[in-house]
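Report on the structure
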Amino acid sequence: MGAVVTDANASRSVNWVDSDLDGDLDLYVSNESNQKDDLYENQNGSLVKVETGAPGQTNHSTMSSSWADVDNDGDFDLFLANSLYFGVQNNQLFLQEDGVFTAVTTGDLVTDGGCSYSSNFADYDNDGDLDLAVSNGFCNGSIKNFLYQNDGLGNFTRDLNSIEDMSTPLPWPLLGAM
């Protein structure tokens, strides 16, 4: 069975996606605790760990991942929702072109910080490209969720106006305190 069953990381979420566009599903595993994420390519029914060229190979605490074609070029790009336990960590976006993943290093999406735990792509403004919602939690102080508008080329700008209040209410109710 290989690395897919023997890797012992602090895994948080998984995605099945045809990351290499060869017609079969590959497996992406998001790992927390400042570990690298894992991509396993489906090669004739066997999942083989991608050791070089995979996205998410810097040490982060990835809580979830979302795949979509955000730059409208026909392949899947990857967003990673990152969070240190009770601490801020920037999220990541990887654009794929011809099978090569390139980290986006500038812009709101990758510099806003946050304690991000989940994300989802959708076209909330009905302009034909995929935008992104990111939820945050488990940090001290006021927690704001993020809504990002895509320009169709994979460039995201934080939308502060479409939804009046993107905050997560605090304090969270304690069990038994109801």
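Shown above is the structure to which this text applies.
Residues numbered from 1 in each chain as written. Predicted model: local features only at pLDDT ≥ 70, side-chain atom pairs only at ≥ 80, totals over all residues. Heavy atoms only, no water.

Let's talk about the overall build of the chain
Operational definition: Note on conventions: DSSP H or I runs of at least 4 residues are helices, E runs of at least 2 residues are strands, and numbering of each starts at the N terminus. The rule is simple: take the accessible area with a 1.4 Å probe, protein chains only, and divide by the maximum for that residue type; under 20% is buried, over 50% is exposed, in between is partly exposed. Any two residues whose heavy atoms approach within 4.5 Å are treated as being in contact. Values of accessible area rely on a 1.4 Å probe in the Shrake-Rupley scheme; residue burial ignores everything except the protein chains shown.
Assigned secondary structure in the chain consists of two helices and 14 strands. When the 178 residues of the chain are sorted by exposure, 44% land in the buried category. Taking the intrachain contacts of the chain between residues at least 6 apart in sequence as the baseline, contacts between residues at least 24 apart amount to 41%. For the chain, the exposed surface amounts to about 9,500 Å²; the carbon and sulfur share of it is 52%.

With respect to the sheet that holds strand 8 (residues 100-103)
So the rule is basically this: Any two strands with at least two DSSP-identified bridges between them are counted as paired. What counts as an axis is a line fitted to C-alpha atoms, over the stretch in contact for a helix, and the angles between N-to-C directions run from 0 to 180 degrees.
In spatial order, the strands read 5-6-7-8; together these four strands make up an open sheet with antiparallel pairing. On the outer flanks of this sheet lie strand 5 (62-68) and strand 8, each paired with one strand and no other. On average, each strand axis in the sheet is tilted by 20 degrees relative to the strand beside it, whichever way the strands run.

Let's talk about the packing of aromatic side chains
Let me state the cut-off plainly: Aromatic rings from Phe, Tyr and Trp, with only the six-membered ring used for Trp, were paired whenever their centres fell within 6.5 Å, and each pair was classed as stacked if the ring planes differed by under 30 degrees, edge-to-face if by over 60, and tilted otherwise.
Counted under the stated rule, the structure contains four aromatic pairs. Measuring from centroid to centroid gives 5.5 Å for Tyr-28 and Trp-67, while their planes differ by 75 degrees, and the two rings are edge-to-face. Separated by 39 residues along the polypeptide, Tyr-28 in strand 2 (residues 26-31) and Trp-67 in strand 5 bring together distant segments of the chain. Here Trp-67 falls in the buried class, since its relative accessible area comes to 14%.

Looking at the nonpolar core
Where we set the bar: The definition of a nonpolar core used throughout is a set of buried Ala, Val, Leu, Ile, Met, Phe, Trp, Tyr and Cys residues joined through side-chain atoms within 4.5 Å.
Core analysis: the biggest nonpolar cluster contains 14 residues, and Phe-79, Leu-93, Leu-109, Phe-121, Leu-132, Tyr-148 and Phe-156 have the highest contact counts within it. Those elements that provide at least two residues to this core are strand 6 (77-82), strand 7 (92-97), helix 2 (108-111), strand 10 (131-136) and strand 12 (146-150). If we ignore the near neighbours within four places in the chain, the residues touching Leu-93 are Leu-78, Phe-79, Thr-102, Ala-103, Val-104, Leu-109, Val-110, Gly-154 and Phe-156. By size, the runner-up hydrophobic cluster in this structure holds 10 residues, among which are Leu-39, Ala-54, Trp-67 and Phe-94.

Considerations on the side chain of Asp-75
Selection criterion: Charge assignment in this entry is limited to Lys and Arg as positive and Asp and Glu as negative, and neither His nor the chain termini are counted. By convention in these notes, a salt bridge is any Lys or Arg side-chain nitrogen within 4 Å of a carboxyl oxygen on Asp or Glu.
Considering the arrangement of structural elements, one finds Asp-75 in the loop between strand 5 and strand 6. We note that Asp-75 is buried and unpaired, the nearest opposite charge coming from Lys-49 at a distance of 23 Å. In this structure, Asp-75 is in contact with Leu-21, Ala-68, Asp-69, Gln-96, Glu-97 and Asp-98, ignoring residues within four places of it in sequence.

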